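Chain residues, written in single-letter form:
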Amino acid sequence: MLNQIKGLHHVTSMASDARRNNEFFTKKLGLRRVKKTVNFDAPDVYHLYYADEFGTPGSVMTYFPFPDIGKGRHGVGEVGTTVFSVPEGTLGYWEKRFADEGVGNVARTESFGEKRLTFTGPDGDGFALVEDKTDSRAPWVKGGVPGDEAIRGFHSVALRLKDGGATEELLKFMGYEEVDKSGNTRRLAIKNGNGADVVDIESLPGAGFANLGAGSVHHVAFAVEDRARQLEVRKALVDTGYGVTPVIDRDYFWAIYFRTPGGVLFEVSTNEPGFDRDEDTAHLGEALKLPTQHQHLRPYLEQHLQKLED
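Residues numbered from 1 in each chain as written. Predicted model: local features only at pLDDT ≥ 70, side-chain atom pairs only at ≥ 80, totals over all residues. Heavy atoms only, no water.

If you check an unreviewed UniProt entry, the protein appears there as Dioxygenase from Rhizobium loti.

Quick notes on the overall build of the protein
Looking only at helices and strands, the protein features five helices and 16 strands. Here the protein has a C-alpha radius of gyration of 18 Å; the compact-globule value for 310 residues is 19 Å, and the two agree. If one aligns the C-alpha atoms of the protein with their principal axes, the spans along those axes are about 50 × 45 × 35 Å. A total of 310 residues make up the protein; the buried ones form 56% of that total. Long-range pairs, those at least 24 residues apart, make up 67% of the contacts in the protein with a sequence separation of at least 6. Accessible area of the protein: about 13100 Å², with a carbon and sulfur share of 48%. (Helix = DSSP H or I, 4+ residues; strand = E, 2+ residues; numbered from the N terminus. Rg over C-alpha atoms; globule rule 2.2 N^0.38 Å. Buried < 20%, exposed > 50% of the residue type's maximum accessible area, 1.4 Å probe, protein only. Contact = heavy atoms within 4.5 Å. Areas by Shrake-Rupley, 256 points an atom, 1.4 Å probe, with all protein chains shown as cover.)

Examining empty space enclosed by the protein
A full pass over the atoms with the stated rule returns one cavity of 30 Å³ or more. Size it by volume and the largest cavity reaches roughly 60 Å³. Taken together, 15 residues form the lining of the largest cavity, with Val-79, Gly-80, Gly-126, Gly-215 and Val-217 sitting closest to its centre. Here the residues of the lining of the largest cavity are counted per class, giving five nonpolar, eight polar and two charged. (1 Å grid on protein atoms, 1.4 Å probe; cavity = no way out; pocket = protein on both sides within 12 Å on 5 of 7 lines; lining within 4 Å. Points joined across faces, edges and corners; volume = space filled by probe spheres on them. Nonpolar A, V, L, I, M, F, W, Y, C, P; charged D, E, K, R; others polar.)

A few points about the packing of aromatic side chains
Enumeration over the complete set of coordinates arrives at 19 aromatic pairs. Ring geometry for Phe-24 versus Phe-127: centroids 6.3 Å apart, planes at 25°, classification stacked. One end of the pair, Phe-24, is in helix α1 (residues 18–28); the other, Phe-127, is in strand β8 (residues 126–131), with 103 residues separating them in the sequence. Look at Phe-127 and you get buried, because its relative accessible area is 2%. Both rings, one in Tyr-176 and one in Phe-222, keep their centres 6.0 Å apart while their planes meet at 80°; by these two values the pair is edge-to-face. Here Phe-222 lies in strand β13 (residues 217–224) and Tyr-176 lies in the loop between α3 (165–173) and β10 (177–182), a separation of 46 residues in the sequence. Neither Tyr-176 nor Phe-222 differs from the other in exposure class; each is buried. Taken together, the ring pairs connect Phe-24, Phe-25, Tyr-50, Tyr-63, Phe-84, Tyr-93, Trp-94, Phe-98, Phe-119, Phe-127 and Phe-154 into an aromatic cluster. (Phe/Tyr/Trp six-rings, centres within 6.5 Å; stacked < 30°, edge-to-face > 60°.)

As structure tokens, this is what we get:
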């Protein structure tokens with residue numbers, strides 16, 4: 001069993017409109033945009049990052065907003081719900097805020113003894129807020145949400161799978177332990193993690209497969225401290241039979257990718273070097289930052305990319 005993984009690093013999803021996506025996360029959810037850059041493989045498409053003040057691993061929601069992309073079809077083989085942590089007793093605040101902001105499909109639920117508020121994003125993305133009285137992470141407090149109610153970071157992701165057994169074994173190999181179960185959902189958690197410690201696996205053998213599009217999670221990334229630990233994880237996964245990519249430089253972290261037995265794309269990302277490698281912390285996410293190989297496209301991209309409201 002591995003011990004290098006410290007919880008979630010980031011979740012990356014697809015969107016159909018950059019301006020609407022930016023407005024949802026920075027205005028409605030009150031997160032900080034910590035990076036405005038472009039997709040490495042499609043530089044005419046933004047890659048937007050939303051997080052806490054510093055872009056701390058375990059708080060980072062990222063998006064590829066492909067203009068006019070078709071809507072995703074939800075099903076098995078995907079991350080069904082991305083869950084954020086908020087302080088105990090704050091769901092009433094968020095319920096009112098969502099009503100005022102026109103956020104869709106808001107509902108109070110309870111899962112594993114935790115009070116939750118489920119809602120959807122602009123493209124039908126599945127989200128929830130969970131009250132967690134033990135979460136001591138510092139929030140971003142300049143996004144219009146008071147610090148006592150603000151999002152702390154991720155709480156968990158929920159995977160929807162035909163058969164969760166093989167993915168559960170993979171997560172246990174990655175250092176997770178089963179801590180609870182409820183109906184057809186098993187909860188796994190990592191000890192002494194970064195606060196974003198939980199993965200839920202929902203087994204739905206009769207459901208249809210998901211189809212990637214706007215509102216879909218593209219991949220979920222797990223955090224390791226540095227490149228040395230990442231290489232240890234990569235070797236262990238390869239030795240176990242997984243097809244893992246070489247290490248890829250993503251400017252703000254190094255990444256490896258592999259497909260899970262349930263069909264979900266996993267990434268293992270380093271906490272280094274961080275989002276302040278090319279911007280002062282006070283100005284994260286303000287300027288358009290381009291990977292070195294795309295710098296020559298700056299004049300075109302500054303005219304072509306949709307303008308965002310700041």
